[in-house]
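Residue-level structural notes
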Amino acid sequence: MHKLTFSKMEGQSKGFTTLQWALIALTLIGVAGFFIMYIKGHNTLGSSSVVPWGMPIILAIYLIGL
(Lines give C-alpha, C1' and ligand atoms only; values in the text may rest on other atoms or scores of the structure.)
Protein backbone atom coordinates (compact mmCIF):
# COMPACT_ATOMS: atom_id res chain seq x y z
CA MET A 1 0.00 0.00 0.00
CA HIS A 2 1.21 3.50 -0.81
CA LYS A 3 1.77 5.97 1.95
CA LEU A 4 0.52 9.49 1.29
CA THR A 5 2.86 12.33 2.06
CA PHE A 6 1.73 15.91 2.21
CA SER A 7 3.82 19.04 2.03
CA LYS A 8 2.93 22.58 2.97
CA MET A 9 2.20 24.89 0.05
CA GLU A 10 4.29 28.02 0.35
CA GLY A 11 2.48 30.11 -2.26
CA GLN A 12 5.62 31.92 -3.37
CA SER A 13 5.89 30.71 -6.98
CA LYS A 14 5.21 32.95 -9.97
CA GLY A 15 2.49 30.61 -11.25
CA PHE A 16 0.63 30.68 -7.93
CA THR A 17 0.74 34.47 -7.82
CA THR A 18 -0.46 34.68 -11.43
CA LEU A 19 -3.34 32.31 -10.70
CA GLN A 20 -4.24 34.30 -7.61
CA TRP A 21 -4.40 37.59 -9.56
CA ALA A 22 -6.37 35.94 -12.38
CA LEU A 23 -8.97 34.69 -9.88
CA ILE A 24 -9.15 38.11 -8.24
CA ALA A 25 -9.69 39.72 -11.67
CA LEU A 26 -12.46 37.23 -12.54
CA THR A 27 -14.13 37.90 -9.20
CA LEU A 28 -14.04 41.67 -9.79
CA ILE A 29 -15.47 41.22 -13.29
CA GLY A 30 -18.28 39.11 -11.84
CA VAL A 31 -19.06 41.66 -9.13
CA ALA A 32 -19.05 44.48 -11.69
CA GLY A 33 -21.37 42.45 -13.95
CA PHE A 34 -23.73 41.85 -11.04
CA PHE A 35 -23.97 45.55 -10.23
CA ILE A 36 -24.47 46.49 -13.89
CA MET A 37 -27.31 43.97 -14.17
CA TYR A 38 -28.76 45.14 -10.84
CA ILE A 39 -28.74 48.79 -11.86
CA LYS A 40 -29.71 48.57 -15.55
CA GLY A 41 -31.87 45.47 -15.42
CA HIS A 42 -33.08 43.42 -18.39
CA ASN A 43 -31.99 45.95 -21.01
CA THR A 44 -28.34 45.05 -20.41
CA LEU A 45 -28.80 41.68 -22.11
CA GLY A 46 -31.22 42.84 -24.78
CA SER A 47 -34.50 41.76 -23.22
CA SER A 48 -37.39 43.92 -22.06
CA SER A 49 -39.70 44.06 -19.09
CA VAL A 50 -42.54 42.81 -21.32
CA VAL A 51 -40.76 39.57 -22.19
CA PRO A 52 -37.97 39.07 -19.62
CA TRP A 53 -36.51 35.93 -21.26
CA GLY A 54 -32.95 37.08 -21.44
CA MET A 55 -29.60 35.39 -21.27
CA PRO A 56 -29.70 34.55 -17.50
CA ILE A 57 -32.82 32.41 -17.82
CA ILE A 58 -31.65 30.66 -20.99
CA LEU A 59 -28.23 30.04 -19.45
CA ALA A 60 -29.79 28.58 -16.31
CA ILE A 61 -31.94 26.20 -18.36
CA TYR A 62 -28.90 25.19 -20.41
CA LEU A 63 -26.78 24.51 -17.32
CA ILE A 64 -29.56 22.48 -15.69
CA GLY A 65 -29.80 20.36 -18.83
CA LEU A 66 -26.06 20.01 -19.02
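Source: prediction; values computed, not measured. (Residues numbered from 1 in each chain as written. Predicted model: local features only at pLDDT ≥ 70, side-chain atom pairs only at ≥ 80, totals over all residues. Heavy atoms only, no water.)

**Looking at the overall build of the protein**
- Helices and strands together make up the secondary structure of the protein, namely two helices and zero strands.
- In the protein, buried positions account for 3% of the 66 residues. (Helix = DSSP H or I, 4+ residues; strand = E, 2+ residues; numbered from the N terminus. Buried < 20%, exposed > 50% of the residue type's maximum accessible area, 1.4 Å probe, protein only.)

**Examining the packing of aromatic side chains**
- This structure, assessed with the given rule, holds two aromatic pairs.
- Ring geometry for Phe-34 versus Phe-35: centroids 5.3 Å apart, planes at 70 degrees, classification edge-to-face.
- Classification of Phe-35 as partly exposed rests on a relative accessible area of 44%.
- Note on Phe-34 and Tyr-38: the rings are 6.0 Å apart at their centroids and 20 degrees apart in plane angle, and the pair reads as stacked. Taken together, the positions of Phe-34 and Tyr-38, both in helix α1 (residues 14-40) and four residues apart, correspond to about one turn of that helix.
- Overall, the relative accessible area of 65% leaves Tyr-38 in the exposed class. (Phe/Tyr/Trp six-rings, centres within 6.5 Å; stacked < 30°, edge-to-face > 60°.)

**Description of a nonpolar patch on the surface**
- On the surface, Leu-45, Met-55, Ile-57, Ile-58, Leu-59, Ile-61, Tyr-62, Leu-63 and Leu-66 cluster together to form a nonpolar patch covering roughly 910 Å² of accessible area.
- Tracing the sequence through the fold places Tyr-62 in helix α2 (residues 55-65). (Patch = residues over 30% accessible without salt bridge, like charges linked within 9 Å, V, L, I, M, F, W, Y side chains within 5 Å. Areas by Shrake-Rupley, 256 points an atom, 1.4 Å probe, with all protein chains shown as cover. Salt bridge = Lys/Arg side-chain N within 4 Å of Asp/Glu carboxyl O.)

That's the geometry; what it means functionally is another story.
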